Amino acid sequence: MDTLLMLGNEAVARGAWEAGVQVAAAYPGTPSTEIVTNLANYDGVYAEWSTNEKVAYEVAFGAAVGGVRALTAMKSAGASVAADPLISSTYTGICGGLVVVVAGDPGMSSGMTEQDDRYFGRISGMPMLEPADSQECHDFVRLAFELSETHDVPVMVRLSIQTAHQKSIVRVGEQVAVARKDPGRHTDKYCLLPRFSRPLHASLLERIARLREYAEASPLTRVEPGTGAFARIGVISSGAAYISAREALPGATFLKLGVVHPLPLEAIKRFAATVERLFVVEELEPYLEEQILAAGLTVEGKQWFSPLGELTPERVGRGFFAAGLHLPRWAEQKAAEDDSVIPRPPVLCTGCPHRGMATAMKKLDLDVHGDIGCYDLTSLPPVSHMHSAVEMGASIPMEQGFARAGGSKKGSLAVIGDSTFLHSGLTGLLNAVHQRTNVTVLIQDNSITAMTGGQTNPVNEKTLAGAETRPVDLAGICKALGVEHVEIVDPYDYEACLDALKAGLAFGGPAVIITNRPCMLFPRKVGADGVYGVDEELCNACQQCMKLGCPSLHHTEAVFKNRHKVEVDASTCTGCSLCAQLCKPGAIVKAGEA
Amino acid sequence: MSAQKSETGTDPAAEHYAGGVVDDIMVVGVGGQGVIVAAAIVADTALLHGGLEVKLSETRGMSQRGGSVSSHIRIGTQVIAPSISPGEVDYLLAFEASEGLRRAPSVVPGGVAIVNTQQIVPPLASSGEYSYPFDAIARMDDGSRRVIAVDGDALAAKVGDLKVAGVVLVGALSTHLPFAAGTWEQAIARNVPASWLEMNLAAFAAGRGVGEV
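Here's what I pulled together on the structure shown here. (Residues numbered from 1 in each chain as written. Chains lettered and ligands numbered in written order. Predicted model: local features only at pLDDT ≥ 70, side-chain atom pairs only at ≥ 80, totals over all residues.)

1. Let's talk about the overall build of chain B
Piece 1. Regarding its fold elements, chain B presents eight helices and six strands.
Piece 2. The helix and strand sequence of chain B, counted from the amino end, reads α-β-α-β-β-β-α-β-α-β-α-α-α-α.
Piece 3. For 213 residues, the compact-globule formula gives about 17 Å, and the C-alpha radius of gyration of chain B, at 17 Å, lands near that figure.
Piece 4. A principal-axis box enclosing the C-alpha atoms of chain B has dimensions of 60 × 40 × 35 Å. (Helix = DSSP H or I, 4+ residues; strand = E, 2+ residues; numbered from the N terminus. Rg over C-alpha atoms; globule rule 2.2 N^0.38 Å.)

Shown next as structure tokens:
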């Protein structure tokens, strides 16, 4: 057997391939993206970037109903988007195995919330496995396909960003051959009309009961005997929190849970009887703790371990220290960073096609309802101009509600990217047309799903699988929905951006503006189209160009009227020319034309 | 995979890691500088050496957008967590001077900080609210840790291209860890395009020269 250093997400993909997965569908979302990216590289696996997580779930579900093993993967917010089929498919069950990977983001490295996805197990009934490292990612996914078919239910594999984005050693296995099962025709199984769904709910409860019996006796429910001073301390934990707890408190006795729904409560009770003091270490909500308390046990948990953010080894260690355990390693809180150093938040790249419109919207002082994409970085300094950016597809309907509330004096609009518009913006725009709500929508079309690292979407000419396909016509779609004012604009032309915004806002009905420059990074890095420089004599340090927040513009030592003059970093300038357009004294010129 | 033996037949890594020593290595920089590739080279070197446990925690968040990034690598006979706890970094490899200063408190007293002299001023400096620490390396070198400044750009330019500056820094780190040069070179070959291998190996050798000083 080979031994490889694998990302948790890579190990999920490998485990799924070994288990004979044939269809994988997802919408990209940190920290789950690499699962389907990797599956696309395996022979014999059909993998796609679907238009959204609900669609992806249904494609995978349909494949499983069709008799093959299928997988879908999503971030926490994606699980909310897919919640409808997630819950319904647990009632119906499957034919071929269906594995649903949900990667959460405690600490919100990139997520909008840090929702605790374990509750999806309880709300749907879907069994849930939680791996702690890459080996378990690999092994649990293989097992999840078996459990799915044995118990006729989709199985969730829940990851935390810590598990998804760490690399550890994996002993991989061989691929098993899995033939397609006969899907038959089962009206009473897959048609959720009341007369069919009532018995299916009863059947689901029976399936959960059998799965609880499985969890009680499973090797995934594992007691790890302790040694030394902490051997009588019992810790119940799972996933990333288990790794942190093992690092923080070596020598304790652990009950390591691999099945987190349904919980093996009898095993937990037996474990509790063997220790003097019982802790539960879990990220986010007291999900385990409340069920353990409800089972009549005494347990310590959230009073020591915060429900906020990622539970790092240090934070778990500090919790045990606060609980009175003698742990010199965690006796003092240590600084990880020198907070006095200038912060370096992510910024829009040099030449980013979002920058021109962001600057124009700020200039016009518009209320901007954003969506989910790189343009949200304009809510941070130095641009700092965005009113809302909440969830996928929110911008257009929120702008409608905002308009119904009276709008704003200087104007407001919705801003959304190409991928997000196709994910869940279309229905919002259709609503505006139908309701005759006067909104302006800016589609920042950079022709890729950029923020997650450059995945294809329906505006592209190729699919993830590499097949040629017909790119969608965004302007045509908007017109077909009934939008009468649709304007395409070059976002590198600042005056044109201002004019397009003014025209859109002035139009008496739903109006759409679409920008037409590609992402600087994906699908390939855009090279420089000429380079700009600053004539220091002419620069009057007016700072207009610095409002762009371009990483290639820097202050120099030279000062005019107490303000620093500016230089262009020629090694990174891409020649988008926005700074030159904003430069009133004409100091910024194309290199060689000074 | 077999452990690389030195010419005398002993395995310096086996001796070094016996007794439960874990080396905690943090690579930091600005998104787009190649931090992830450098971290992969370090981790693969330990993996290729054989007989060791290696864990790596990848940069989180929007790393490609010019933000502050870090990768953690932990090497030993038994490693539990993939992330390094504050104040426990044995080797800090900073691709950018102010990023080195930012993470300096995380280095264990007496630890090693290898810092590229390159300075990348973030756009936020234009706000006037913050100023960029042009004296970052001098501030790091306050006696709490051993600071090794490396002009990665100059050395990379000398071997042919600024893009290999990251591997110069890996070279400077390499002499501090108990792995043979050949193992490092194999790991580099795994992580860079074949057409760039020769220049990367030259960059590694140039960095190795600095580390030995």
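2. Some remarks on the overall build of chain A
Piece 1. Secondary structure assignment for chain A yields 20 helices and 22 strands.
Piece 2. Expected size for 594 residues packed as a compact globule is a radius of gyration near 25 Å; at 27 Å, chain A falls within 12% of this value.
Piece 3. Principal-axis analysis of the C-alpha atoms places the extent of chain A at approximately 80 × 65 × 50 Å.
Piece 4. The buried share of chain A, taken over its 594 residues, is 54%. (Buried ≥ 20, exposed ≤ 12 C-beta atoms within 10 Å, placed from the backbone.)

3. Overview of the packing of helix α1 (residues 8–18) of chain A against helix α7 (residues 134–151) of chain A
Residue and element names in this part refer to chain A.
Piece 1. Packing of α1 against α7 brings their axes to within 7 Å, and their N-to-C directions diverge by 30°. When the interaxial angle is binned, α1 and α7 end up roughly parallel. Note that α1 runs across α7; the crossing there is right-handed. Counting all contacts with α1, which are made through Gly8, Ala11, Val12, Arg14, Gly15, Ala16 and Glu18, the residues of α7 involved are Ser134, Cys137, His138, Asp139, Val141 and Arg142. (Axes fitted to C-alpha atoms, helices over the stretch in contact; angles between N-to-C directions. Parallel < 35°, antiparallel > 145°, perpendicular 65-115°, else oblique. Left-handed = near helix turned anticlockwise from the far one by under 90°. Contact = placed C-beta atoms within 7 Å.)

4. Quick look at helix α19 (residues 494–506) of chain A
Residue and element names in this part refer to chain A.
Piece 1. The end-to-end C-alpha distance of α19 is 18 Å, a good match for the 18 Å that 13 residues give at a rise of 1.5 Å each.
Piece 2. Where α19 is concerned, the buried positions are Tyr494, Cys497, Ala500, Leu501 and Gly504. Down the axis, α19 shows its buried residues gathered within 125° of arc, on one side only. In α19, the exposed positions angled more than 90 degrees off the buried face are occupied by Glu495 and Ala506.
Piece 3. In this structure, the buried side of α19 is in contact with α15 (355–363), β16 (440–444), β17 (485–489), β18 (511–515) and α20 (578–582). (Expected span 1.5 Å × (residues − 1). Arc of directions from axis to C-beta.)

5. Let's talk about the sheet that holds strand β2 (residues 53–57) of chain B
Piece 1. Sheet architecture is open: eight strands sit in the order β1(A)-β8(A)-β2(B)-β3(B)-β1(B)-β4(B)-β5(B)-β6(B), paired in mixed fashion. In the strand order of this sheet, the two ends are held by β1 (3–7) of chain A together with β6 (146–150) of chain B, each with one partner. Going across the sheet, the axis of each strand differs from the next one's by a mean of 20°, ignoring polarity.
Piece 2. Pairing of β1 of chain A with strand β8 (residues 166–171) of chain A involves five bridges; the strand directions are antiparallel. (Pairing = 2+ DSSP bridges.)

6. Remarks on the nonpolar core
General note: in soluble globular proteins, nonpolar side chains tend to be found buried as a group.
Piece 1. Core analysis: the largest hydrophobic core is formed by 172 residues, its most contacted members being Ala60, Val99, Val101 and Val157 of chain A.
Piece 2. For this core, the element with the most residues is helix α3 (residues 53–65) of chain A, which contributes eight residues.
Piece 3. Ala40, Phe95, Val164 and Ala203 of chain B belong to the second-largest nonpolar core, a separate cluster that totals 70 residues. (Core = buried A, V, L, I, M, F, W, Y, C linked by C-beta atoms within 7 Å.)

7. Remarks on unusual backbone geometry
All names here are of chain A.
Piece 1. Going from His261 to Pro262, the amide bond is cis rather than trans, its omega being -5°.
Piece 2. Mapped onto the elements, Pro262 comes out in the loop between β12 (259–261) and α12 (265–272).
Piece 3. The omega torsion across Phe522 and Pro523 is 5°, close enough to zero to call that bond cis.
Piece 4. Residue placement: Pro523 occurs in the loop between β18 and β19 (532–534).
Piece 5. With a phi angle near 50°, Lys561 is a residue other than glycine that sits in the positive phi range.

8. Focus: the pairing of strand β5 (residues 107–116) of chain B
Residues and elements named next belong to chain B.
Piece 1. For strand β4 (residues 89–94) and β5, the ladder comprises five bridges, and the chain directions are parallel. The residue bridging Tyr91 from the neighbouring strand is Val112, located in β5.
Piece 2. Note that the unit made of β4, helix α3 (residues 97–103) and β5 has a crossover that is right-handed.
Piece 3. Summarising the sheet, β5 and β6 pair through five bridges and their orientation is parallel. Of the residues in β6, the one forming a bridge with Val115 is Ala149. (Right-handed = clockwise from strand over helix to strand, strands pointing away.)

9. Let's talk about the interface of chain A and chain B
Piece 1. Taken residue by residue, the interface counts 41 residues in chain A and 44 residues in chain B.
Piece 2. Listing elements by their share of the side of chain A that touches chain B, those giving two or more residues are β1, β8, α11 (239–248), α14 (313–322) and β20 (553–560) of chain A.
Piece 3. Of the residues that constitute the side of chain A that touches chain B, the class distribution is 23 nonpolar, ten polar and eight charged.
Piece 4. Two strands pair when backbone bridges link them, and β8 of chain A and β2 of chain B are joined in this way by two bridges, in the antiparallel orientation. Opposite Gln166 of chain A, over in β2 of chain B, you have Ser57 of chain B as the bridge partner. (Nonpolar A, V, L, I, M, F, W, Y, C, P; charged D, E, K, R; others polar.)

10. Some words on the sheet that holds strand β7 (residues 155–160) of chain A
Residue and element names in this part refer to chain A.
Piece 1. With respect to topology, seven strands assemble into an open sheet ordered β3-β2-β4-β5-β7-β6-β12, the strand pairing being mixed. Looking at which strands have only one partner, the edges of the open sheet turn out to be β3 (46–49) and β12.
Piece 2. Of the strand pairs in this sheet, strand β2 (residues 23–26) and strand β4 (residues 70–75) are connected by four bridges, and their pairing is parallel. Each residue of the ladder has a partner; that of Val23, found in β4, is Ala70.
Piece 3. The sheet contacts of α7 involve β5 (98–104), β6 (128–129) and β7, and relative to β7 the element is tilted by about 155°.

Treat this as a map of the structure, not an account of what it does.
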